[in-house]
Amino acid sequence: MSALLLGVVVISWGLSWYAIELQLGVVPPLVSIFYRFLLAAMLLICLLALSGRLRLIPLARHGRLLGLGVCLFSMNFFCFYLAAETLPSGLLSVVFATAAIMGALNQRLFLGRPLSGRILAGATFGVVGLTLLSWDSVVQADGGGSLLLLALPFLGTYLFSLGNLLSVQLSQDHDLPNLVAHGMVYGTIVCLAICLAAGLPFPLPGDPVYWGSLLYLSGIASVVAFLTYLTLVNREGPARAAYVTVLFPIVAMLVSTWLEGFVWTLWAAAGLLLALSGTALVFSSPKGGRTASN
């Protein structure tokens, strides 16, 4: 089951990079994020209401739900979209892959769980492998301002990692679909507030490609992928589940090969093998069951 969940998330988020590129143009990127989670929240709430599963969560939990919206459904995306205006996507994907390591460190810091050498080693293999795979994009980043901008994707990645922990804590008392729906509502409100504060316009383009990519990002990459991913977090723990951040950029590279003419090199192939080896290390259970960090 975990392998199936992992595959769904990796493919869904791997394809989302190309869908995001299709949205660039008339609509400001931050407004596109608002559109994405507004539609995603509406879709999920409608599905829950039609199935009779929609539940209100007590107000005492809404502070953490706001945190979930900030970490997973708004500010983490804002950090990456802003950085993407200057930094190459390959470099950003390498930074986001460090979520696998941040997840293990956060489990130690906030939950008191021992660091798993297996997870740290696998995550390190993954980050190094992804660096090799994305090296041509990484070297395009210049110094100075670009180095300062690196703080943004690292912040976005850390927020994503904190959101994983929040989802684990909240899911102990509430079902995951309703948690995600409430978190998306709060994330949408945060997105709207920032767009209004920045004075951004809210155009509605007539390009069907834009709306097709928005439907994919809202329905598949947000509703389906986040529900699946957070289910994986609850099954395997934040550190192991966060390894998807290493794998889905590989799918993005394969899509780029097919649609954008990405040229594979020996270093890129070696990076792919190293990242996949890290996956096997992270998700292979040691004798006697799971590691202590799960």
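Higher on the page you've got the structure.
Residues numbered from 1 in each chain as written. Predicted model: local features only at pLDDT ≥ 70, side-chain atom pairs only at ≥ 80, totals over all residues. Heavy atoms only, no water.

Now for helix H12 (residues 208–236). If you check H12, its first and last C-alpha atoms are 39 Å apart, about what 29 residues at 1.5 Å a residue would give, namely 42 Å. The sharpest bend along H12 comes to roughly 35°, located at Ala225. For H12, the N-terminal capping position is held by Asp207, with its side-chain oxygen 3.0 Å away from the main-chain nitrogen of Val209. A positive phi of about 95° marks Gly237, the residue just after H12. (Helix = DSSP H or I, 4+ residues; strand = E, 2+ residues; numbered from the N terminus. Expected span 1.5 Å × (residues − 1). Bend = angle between axes of the 7 residues up to and from the residue. Polar contact = N/O pair within 3.5 Å; in protein donor to acceptor, adjacent residues only side chain to side chain.)

Bringing the environment of Leu152 into the picture now. Inspection of the secondary structure assignment puts Leu152 in helix H10 (residues 151–170). Given the relative accessible area of 25%, Leu152 is considered partly exposed. Ignoring sequence-local partners within four residues, the contact set of Leu152 consists of Cys79, Leu82 and Ala83. (Buried < 20%, exposed > 50% of the residue type's maximum accessible area, 1.4 Å probe, protein only. Contact = heavy atoms within 4.5 Å.)

Close contact between helix H3 (residues 62–72) and helix H11 (residues 176–197) brings their axes to 7 Å; oriented N to C, the two are set at 65°. Taken together, H3 and H11 sit at an angle that is classed as roughly perpendicular. H3 and H11 meet at a crossing whose hand is right-handed. Along the contact surface, H3 presents His62, Leu65, Leu66, Leu68, Gly69 and Val70, while H11 presents Leu179, His182, Gly183, Tyr186, Gly187 and Val190. In terms of residue class, the contact of H3 with H11 is made up of seven nonpolar, five polar and no charged. (Axes fitted to C-alpha atoms, helices over the stretch in contact; angles between N-to-C directions. Parallel < 35°, antiparallel > 145°, perpendicular 65-115°, else oblique. Left-handed = near helix turned anticlockwise from the far one by under 90°. Nonpolar A, V, L, I, M, F, W, Y, C, P; charged D, E, K, R; others polar.)

Attention shifts here to the packing of helix H2 (residues 29–50) against helix H4 (residues 75–84). The contact between H2 and H4 brings their axes to 10 Å, and the two run at 150°. By the criterion of interaxial angle, the relationship of H2 to H4 is roughly antiparallel. By crossing handedness, the relation of H2 to H4 is classed as right-handed. Of the residues in H4, those touching H2 at Pro29, Leu30, Ile33, Arg36 and Phe37 are Phe77, Phe78, Tyr81 and Leu82. Looking at side-chain class alone, the contact of H2 with H4 contains eight nonpolar, no polar and one charged residues.

Turning our attention to the nonpolar core. Core analysis: the largest hydrophobic core is formed by 61 residues, its most contacted members being Trp13, Ile33, Phe37, Phe73, Val180, Tyr229 and Val244. Secondary structure elements with two or more residues in this core: helix H1 (2–23), H2, H3, H4, H10, H11, H12 and helix H14 (244–260). Top contributing element to this core by residue count: H12, with 12 residues. (Core = buried A, V, L, I, M, F, W, Y, C linked by side-chain atoms within 4.5 Å.)

Mapped onto the elements, Ala84 comes out in helix H4. Taking C-alpha positions, Ala84 is 9.7 Å from Leu152, a pair spaced 68 residues apart along the chain.

Position of Arg36 relative to the elements: it lies in helix H2. Arg36 has contacts with Ile20, Phe77, Leu214, Leu217, Ser218, Ala221 and Ser222, leaving out every residue within four places of it along the chain.

Note that every value here comes from positions in space, so none of it alone points to a role or purpose.
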